[in-house]
Amino acid sequence: MKTKNLILSLIVVFVAVLMHNCTQDQDTVVENDNMLPGKFSVDIPNSISNSNAKHYKSAKSDTLTGNEIYEHLCTFIWLGEASAEIVEDIIIAIRVYNINKPMSFSYEGDDNRTKNLVVVENSLFEGTTWSYQLTITDAESEGNEDGGNAMQIFWNPSPIKGIAILKPYNIDRVNDADAEDAIYRIDYSEAGEHGYEASMIVSIAGLDLADPDVDPYSINTLKMFVGKNDDIIDVYGNSNHPNALFFTDDTGFDWAFVASGKESTDIGVAEVGLPPNTLDETSRVVLLEDYSIKNVFTDQITEWFLETWGIAPDQESLNNYLRNADAPGFFDSEGFIQGGVSPGPEYSELVTSIQSLVPYNPKNINDLTISFK
């Protein structure tokens, strides 16, 4: 997946840029660990984020497998988590170079272009005064509409709270030349917001869509919330797929999802809906029940049979084909186990947890944009 490769390259590039190309004289900087947040993401259990899981419920060829139903969900959650981990890598690099007070300097990026780094105190952004703001720009592009912004990080050290906005193209014009409009944002808080001891919101916009004949399921926007309370991690969000299609010629779907996982036992429960990507709706019932995978696939398969053969599909065969699509889906550390019926009482708390989670409005995700200060 193109987006996944972009994120993997970003993790390498950001750390390399700051750790190998900065020219700041470290001896002139006074150490102050309290300036920087020690953490900037919430870890998600592998049971619901492992895009490389190998173990799925066995099924005959005439049955839709758990892999086919949930593999995209796990990948999208992984993309969101990996985006947040980029910011943590940046924080590590900043600590290495003791960038811990207001300052400014320039360095040469991996694309052999000059980058300017500026740190200021008491920065106002989106109605909040942040203790610190770090900005990196591509020097030659500062006159452009985007200001040449490559990265902006706003944060308060206590309680830890921050916003990071990243534009890969302005970080590295060589390796990310085909990501000119892509932009990422991570909001992180340990201030007890949203009812969680720690939470993050990952937003991605401006991704280039793949050729629909090659990959009809590519995404251009994504937004995901992650909240942690004790041992439970709740996740909900949406990814936008304008070219996606399944059994009919209908295109444009939103992967709307909710999931809960346990850190200690690495188990998870998830529910997925496939509403139209332009649907203006916030109801959990509509997004996850009316447009459940099972309902959408049932309607589309029936429509295909009627248009192709003039008859409805055999109900028993249809039920067998979709038997893994019953919600919710249950996972362990290796992936999908089964759908609909809980494998055991250890999942009860998670089943209860996802009932309070609601994805975002699909239309808002379809229209998502992200801007720098």
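The shown structure was predicted, so the numbers you read here are calculated from the model rather than taken from an experiment.

Section: the pairing of strand β10 (residues 253–262)
Of all ten residues in β10, ten are buried; the element is thus mostly enclosed. In terms of strand pairing, strand β9 (residues 232–241) meets β10 through ten bridges, oriented antiparallel. Looking at the pairing, His241 lines up with Phe253 of β10. Sheet topology places β10 next to strand β11 (residues 267–273); seven bridges connect them, and they run antiparallel. Note on β11: the bridge partner recorded for Ala259 is Ala270. Between β10 and β11, which pair antiparallel and follow one another directly, the connecting turn spans four residues, one of which, Asp266, has a positive phi of 55°.

Overview of the nonpolar core
The biggest cluster of nonpolar side chains holds 67 residues, and the ones touching the most others in it are Met224 and Val235. At twelve residues, the largest contribution of residues to this core is made by helix α3 (residues 66–96). Grouped together as the second largest cluster of nonpolar side chains are 17 residues, Tyr196, Phe225, Ala256 and Tyr347 included.

Looking at a negative patch on the surface
Together, Asp249, Asp250, Asp299, Glu303 and Glu307 give the surface a local cluster of negative charge. By the secondary structure assignment, Asp249 is in the loop between β9 and β10.

Observations regarding the pattern of salt bridges
What the rule picks out here adds up to 14 salt bridges. Glu140 is the salt-bridge partner of Arg113, the closest N and O atoms lying 3.8 Å from each other. With Arg113 in the loop between β1 (103–108) and β2 (114–125) and Glu140 in the loop between β3 (128–138) and β4 (149–156), this pair connects stretches of sequence that are 27 residues apart. Looking at Arg113, the relative accessible area reads 17%, which means it is buried. With a relative accessible area of 58%, Glu140 lands in the exposed category. Between Glu126 and Arg185 there is a salt bridge, with the nearest N and O atoms lying 2.8 Å from each other. Residue Glu126 is located in the loop between β2 and β3, and its partner Arg185 is located in strand β6 (residues 183–189); the two are separated by 59 residues in the primary sequence. For Arg185, a relative accessible area of 12% puts it in the buried group.

Details of unusual backbone geometry
Working note: non-glycine residues mostly have negative phi, and peptide bonds are mostly trans. Residue Ser158 is joined to Pro159 through a cis peptide bond whose omega torsion reads -10°. Relative to the elements of secondary structure, Pro159 occurs in the loop between β4 and β5 (161–166). A cis geometry characterises the amide bond from Ala327 onward to Pro328, with omega recorded as -5°.

Focus: the environment of Ser203
Looking at where Ser203 falls in the secondary structure, it is placed in strand β7 (residues 198–205). The spatial distance from the C-alpha of Ser203 to the C-alpha of Leu368 is 8.5 Å, given a sequence separation of 165 residues. Setting aside residues no more than four positions away along its own chain, Ser203 makes contact with Ile183, Tyr184, Arg185, Leu222, Lys223, Leu368 and Ile370.

What about the packing of aromatic side chains?
Counted according to the given criterion, the structure contains 17 aromatic pairs. With a centroid separation of 5.4 Å and an interplanar angle of 80°, the aromatic rings of Trp304 and Phe305 are classed as edge-to-face. Residue classification places Trp304 among the partly exposed positions, given a relative accessible area of 36%. Arranged with centres 5.8 Å apart and planes meeting at 70°, the rings of Phe331 and Phe336 form a pair that is edge-to-face. The pair Phe331 / Phe336 is uniform in exposure class, with both members buried. Counting every residue linked through ring pairs, the aromatic cluster contains Tyr217, Phe246, Phe247, Phe253, Trp255, Phe297 and Tyr321. Directly above the ring of Tyr360 sits Lys223, whose terminal nitrogen or CZ lies 4.7 Å from the centroid.

Quick look at the side chain of Asp234
Following the sequence through the fold, Asp234 ends up in strand β9. The side chain of Asp234 is buried and forms no salt bridge, while Arg284, the nearest opposite charge, is found at 10 Å. Within the structure, Asp234 has its side chain in polar contact with the side chain of Ser260 (distance 2.6 Å). Engagement of the side chain of Asp234 in a polar contact is seen with the side chain of Ser353, the distance being 2.7 Å. Setting aside anything within four residues of it in sequence, one finds Asp234 in contact with Tyr196, Phe225, Val226, Gly227, Ala259, Ser260, Ser353 and Leu357.

What counts and what doesn't
- Residues numbered from 1 in each chain as written.
- Predicted model: local features only at pLDDT ≥ 70, side-chain atom pairs only at ≥ 80, totals over all residues.
- Heavy atoms only, no water.
- Buried < 20%, exposed > 50% of the residue type's maximum accessible area, 1.4 Å probe, protein only.
- Helix = DSSP H or I, 4+ residues; strand = E, 2+ residues; numbered from the N terminus.
- Pairing = 2+ DSSP bridges.
- Core = buried A, V, L, I, M, F, W, Y, C linked by side-chain atoms within 4.5 Å.
- Patch = residues over 30% accessible without salt bridge, like charges linked within 9 Å, V, L, I, M, F, W, Y side chains within 5 Å.
- Areas by Shrake-Rupley, 256 points an atom, 1.4 Å probe, with all protein chains shown as cover.
- Salt bridge = Lys/Arg side-chain N within 4 Å of Asp/Glu carboxyl O.
- Lys, Arg positive; Asp, Glu negative; His and termini not counted.
- Charge placed at Lys NZ, Arg CZ, Asp CG, Glu CD.
- Contact = heavy atoms within 4.5 Å.
- Phe/Tyr/Trp six-rings, centres within 6.5 Å; stacked < 30°, edge-to-face > 60°.
- Lys NZ or Arg CZ within 6 Å of the ring centre and 35° of its normal.
- Polar contact = N/O pair within 3.5 Å; in protein donor to acceptor, adjacent residues only side chain to side chain.

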